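# Commentary on secondary and tertiary structure
Next come the chains, spelled out residue by residue.
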Amino acid sequence: MSHIIVNRLFKPSVSRKFLRLTTVRAFTSDQPNQFLLVDSILKNPNSPDGGLEKEYSSCRKENKIYIHDKKVMKNVCDAMTDGFSREGLKLELTYKGPAIHYKNVSAHLPPLPDGSQVQSLAMSSLPTREKDWVVGVKLSGSRLSLCRPFGSCKWIDVRNAPGSINPMSSLMFSKKDKTFYIPSLGGNYLCYLNEKQEKLEFLDLKFDDLPASVHEEFAKLILCSRTDHLVESPTGQLFLVKWYAEDSELCRYSLKDDENEESTLEHRHTSVRLFTSDQPYRFLLVDYILKNPNSSYGVCRGLSEYSSCREENRIDIYDKNVMKNVCDAMTDGFSREGLKLELTHKGPAIHYKNVSAHLPPLPDGSQVQSLAMSSLPTREKDWVVGVKLSGSRLSLCRPFGSCKWIDVKNAPGSINPMSSLMFSKKDETFYIPSLGGNYLCYLEEKQDKLEFMVLKFDDLPASVYEEVAKLNSFSRTDHLVESPTGQLFLVKWYGEDSQMRWWRKSDKDDVNEMPILNHVTKKFMVFREGEQSDYNDTTMTYTEDIGDLCIFLGHSQAYCVPASSSPGLKPNCIYFVGRNFGVYDLTTKTCTSFYSYEDFNESPLKRIEFPYWPTPVSSLN
């Protein structure tokens, strides 16, 4: 399924009108009628001479047109992509770096960093030999770089881009504003960069409320993946397009071996001492702060923010020792009795008690985004480590077996690049959500090829329709977690961006200001695994009650423990770490986030260490 929502942006007014429909004609100057073929197929899908066949859907406005004729396939591809080629504009990758060709102009760009991949490209104009002609690229890992091919001809990194821009959205250049634009990670800001700047600025997007008539429709879209894209009309008006999609499973057969089939897919009150870090039950500290945000010690301050659909609490922490202790407490559960992961020049290393496993080096330029293991480290030959790398690459290694990385070939394009890998002890299987969110990708220990399980979601209760409609402007990642009894939960993690000014002292004691976006958690939705109708089909049911359980989300794989297993843990809650730290109460739908206030800088409390999230603010130069 694919669904498009269009937001029209009015600048510089703060108010943006939502869901306006505009009809446009798409054409290029030298082929004004190249879309006649597409128009003809849309109007005559069951054409006998074109080898076409149309499939109708009774449950939604979705049609499929099958093209059986190879010539028609090629002509449709040429017609649909002709508008993007812009009268012969071509981009090629060479061993020396990208090259852009247009009429009599050829621009050879500098080599990109090893292992990087161009995900999006935008130019200040069609290629010209002017010195101020600018090319912007968005690379994997949310990196953003600019180059003036006929000027300095070197890549200039935009330092405050990682963690701010949406890694799945595209970069665009506005001719009217002479500005590069890209949506933020949370979707509620517009990141922009003028031609002669090297630092992102941010424009707050205010969305009008959706009409009640589309609330039910959005309740169904909440299960789909979404990317945000900006486009400028010929008159200079900006539109924000929200592109929703879900996955469908395809089977590909090798011509060399008729039996070779490969499946692919096309997010209690206790007093404690606040200044000690060696407490045996560290969650007592978190529990105390949650219940006593306006501490008599004078180191915390609690703030509450209310909206029509949710309650948000914020606790500011001023004392550095308390900040450290809260970070230690919140990440203690993830360390699992001393489990440590480190990066060395020889490759990742995992340490646990008396076991140290040194993994082979990873591909140049790759970055571990998630890691899961078949068990806590053991010297058994069948102990398996799985890593999800940038670019949606998935690899397995048996540290005490063959000790080499085995790439899962059908992972890119199938798995969700922003979700985490997990291992199910019950099924002895690796799991990760698909890109569209309606499939579960799984990999058994002794396989090197993903299989796919259909996720069928029960209808959401009508009482949450309005709440779900408001989530449209948030980012989302999907995470799987297994309870101690072996039941699977799918957790949808929603966040948005907030702009702040980061003040930093230079070597000369000058104070410099850098605008950044902080991505903060707003809400979670939890779905419980239900009955399985067959091996490749399972039902997920929305729930607001996970009982005595607590779910932990952050680096590595998510996991779940009974609240009664440790003093200070609160049942039916989600503890989250990474870009920000906090606790979400499923019973009250209250999100409490911890903030630090240090050196005149206020930001969400975070600890960004491998393999948490991208570059921390403190390392920005």
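As the structure is a prediction and not an experimental result, all values here were calculated from the model. The numbering scheme is per chain: residues are counted from 1 as the chain's sequence reads. A pLDDT threshold of at least 70 governs which residues receive local features in this predicted model, and a stricter bar of 80 or more applies before side-chain atom pairs are shown or counted, although totals over entire chains, interfaces and linings include all residues. To get the side-chain values, all heavy atoms of the structure are used, and hydrogens and water are removed first.

### Re the overall build of the protein
Secondary structure follows DSSP: runs of H or I at least 4 residues long count as helices, runs of E at least 2 residues long count as strands, and numbering of each begins at the N terminus. When helices and strands are counted, the protein shows six helices and 43 strands. Counting only residues that meet the buried cut, the protein has 51% of its 621 residues in that class. Carbon and sulfur atoms form 50% of the exposed surface of the protein, whose accessible area is close to 31,000 Å². Buried means the residue's accessible area, taken with a 1.4 Å probe over protein chains only, is under 20% of the maximum for its type, while exposed means over 50%, and partly exposed covers the values in between. Exposure was quantified through the Shrake-Rupley algorithm and a 1.4 Å probe, taking into account, for residues, occlusion by the shown protein chains and nothing else.

### Overview of the sheet that holds strand β14 (residues 189–194)
Through backbone hydrogen bonds, the strands of a sheet pair up, either in parallel or in antiparallel fashion. Strand pairing requires that DSSP identify at least two bridges connecting the strands. Pairing within the open sheet is antiparallel, and its four strands lie in the order β12-β13-β14-β15. The strands lining the two open edges of the sheet, one partner per strand, are β12 (172–174) and β15 (201–204). Each strand axis lies, on average, 35 degrees off the axis of its neighbour in the sheet, ignoring direction. With four bridges joining them, β14 and β15 adopt antiparallel strand pairing. The residue of β15 that forms the bridge with L190 is L203. Inter-axis angles, ranging from 0 to 180 degrees, are taken between N-to-C directions of lines fitted to C-alpha atoms, where helices are fitted over the stretch in contact.

### Side note on the pairing of strand β26 (residues 368–373)
The buried count for β26 comes to five of six residues, which makes it a mostly enclosed element. The sheet contact formed by β26 and strand β27 (residues 385–389) spans five bridges and is antiparallel. Bridging across to β27, A372 finds its partner in G386.

### Topic: the sheet that holds strand β6 (residues 97–102)
The three strands are arranged β5-β6-β7 in an open sheet whose pairing can be described as antiparallel. This sheet does not close on itself; its edge strands, each paired only once, are β5 (90–94) and β7 (105–108). With direction set aside, neighbouring strand axes in the sheet form an average angle of 20 degrees. As paired strands, β5 and β6 are joined by five bridges and run antiparallel to one another. Across the sheet, residue L91 finds its bridge partner in β6, namely I100.

### Structural notes on the environment of L443
Examined against the element boundaries, L443 turns out to sit in strand β32 (residues 439–444). According to the relative accessible area criterion, L443 is buried, its value standing at 1%. Considering only alpha carbons, one finds L443 and I432, eleven residues apart in sequence, at a separation of 8.9 Å.

### Structural notes on the environment of Y575
On the secondary structure map, Y575 appears in strand β40 (residues 573–576). Linking Y575 and F552, residues 23 residues apart in sequence, is a C-alpha distance of 4.9 Å.

### Re the nonpolar core
The nonpolar side chains of a soluble globular protein tend to be buried with one another. If you look at the biggest cluster of nonpolar residues, it comprises 26 residues, and the most contacted ones within it are V326, Y575 and F594. Mapped onto this core, the elements with two or more residues apiece are α4 (283–291), β22 (311–317), α5 (320–335), β38 (549–553), β39 (559–562), β40 and β41 (581–585). With six residues, α5 is the largest single contributor of residues to this core. A219, I222, L480 and M540 belong to the second-largest nonpolar core, a separate cluster that totals 24 residues. Among the buried residues, those of types Ala, Val, Leu, Ile, Met, Phe, Trp, Tyr and Cys that are joined through side-chain atoms within 4.5 Å form a nonpolar core.

### Regarding α4
Because an α-helix completes one turn every 3.6 residues, residues spaced three or four positions apart along the sequence face the same direction. Summarising burial for α4: seven of the nine residues are buried, a large majority. Residues F283, L284, L285, V286, D287, Y288 and I289 constitute the buried set of α4.

### Observations concerning the side chain of S233
The topology assignment puts S233 in the loop between β17 (225–232) and β18 (238–245). Distance and chemistry together define a polar contact, namely a pair of N or O atoms within 3.5 Å, with one atom able to donate a hydrogen and the other to accept it when in protein, and with adjacent residues in sequence counting only for side-chain atoms on both sides. At 2.9 Å, the side chain of S233 and the side chain of T235 are in polar contact.

### As for the confidence of the model for the protein
Confidence of the prediction at every residue is given by pLDDT, a number between 0 and 100. Residue-level pLDDT values for the protein average 76, and 74% of them are 70 or greater. Between two residues, a contact is recorded if the distance between any of their heavy atoms is within 4.5 Å. When the criterion is pLDDT under 50, residues 255–259 qualifies, and its contacts beyond four places in sequence or with other chains add up to one contact. Residue range residues 610–621 is modelled with pLDDT below 50. Its contacts to residues more than four positions away, or to other chains, number 31 contacts.

### As for the packing of aromatic side chains
Here a pair means two rings of Phe, Tyr or Trp (six-membered ring of Trp) with centres within 6.5 Å. Their orientation is stacked below 30 degrees between planes, edge-to-face above 60, and tilted elsewhere. Inspection of every chain in the model, using the stated rule, returns 17 aromatic pairs. Between F423 and F430, the ring centres sit 4.8 Å apart and the planes meet at 65 degrees, which makes this aromatic pair edge-to-face. Side by side, F423 and F430 carry an identical accessibility label, which is buried. With centroids separated by 5.5 Å and ring planes inclined at 45 degrees, the aromatic side chains of F524 and F576 adopt a geometry described as tilted. One end of the pair, F524, is in strand β36 (residues 511–534); the other, F576, is in strand β40, with 52 residues separating them in the sequence. With relative accessibility at 0%, the residue F576 sits in the buried group. Linked through ring pairs, F283, F552, Y559 and Y575 together constitute an aromatic cluster. The residue whose ring lies beneath R314 is Y595, and the NZ or CZ to ring-centre distance is 4.1 Å. Consider the ring centre and the ring normal. A charge sits over the ring if Lys NZ or Arg CZ is within 6 Å of that centre and within 35 degrees of that normal.

### Focus on the environment of D548
Mapped onto the elements of the fold, D548 is located in the loop between β37 (537–543) and β38. When the C-alpha atoms of D548 and S565 are compared, they prove to be 9.7 Å apart, with 17 residues separating the residues in sequence. Beyond its immediate chain neighbours, meaning those up to four positions away, D548 contacts V561, P562, A563, S564 and P571. Only 3.1 Å separates the side chain of D548 from the side chain of S564, close enough to count as a polar contact.

### A few points about the side chain of S164
As for its placement among the helices and strands, S164 is situated in the loop between β11 (156–157) and β12. Apart from the residues within four sequence positions on either side, S164 is in contact with S184, L185, C191, F202, D497 and L517.

### Notes on unusual backbone geometry
Look at K353: it is not a glycine, yet its phi comes out positive at around 55 degrees. The residue K353 is located in the loop between β24 (347–352) and β25 (355–358) in this model. Unusually for a residue other than glycine, E428 sits at a positive phi of about 55 degrees. Relative to the elements of secondary structure, E428 occurs in the loop between β30 (422–424) and β31 (429–433). Exposure remark for E428: the relative accessible area of 49% places this residue in the partly exposed category.

### Thoughts on the state of the cysteines
In this description, the term disulfide denotes a pair of cysteine sulfurs within 2.5 Å. On inspection of all chains with the given rule, the structure shows zero disulfides. The structure places no disulfide on C397, whose sulfur is separated from the nearest cysteine sulfur, that of C403, by 4.7 Å.

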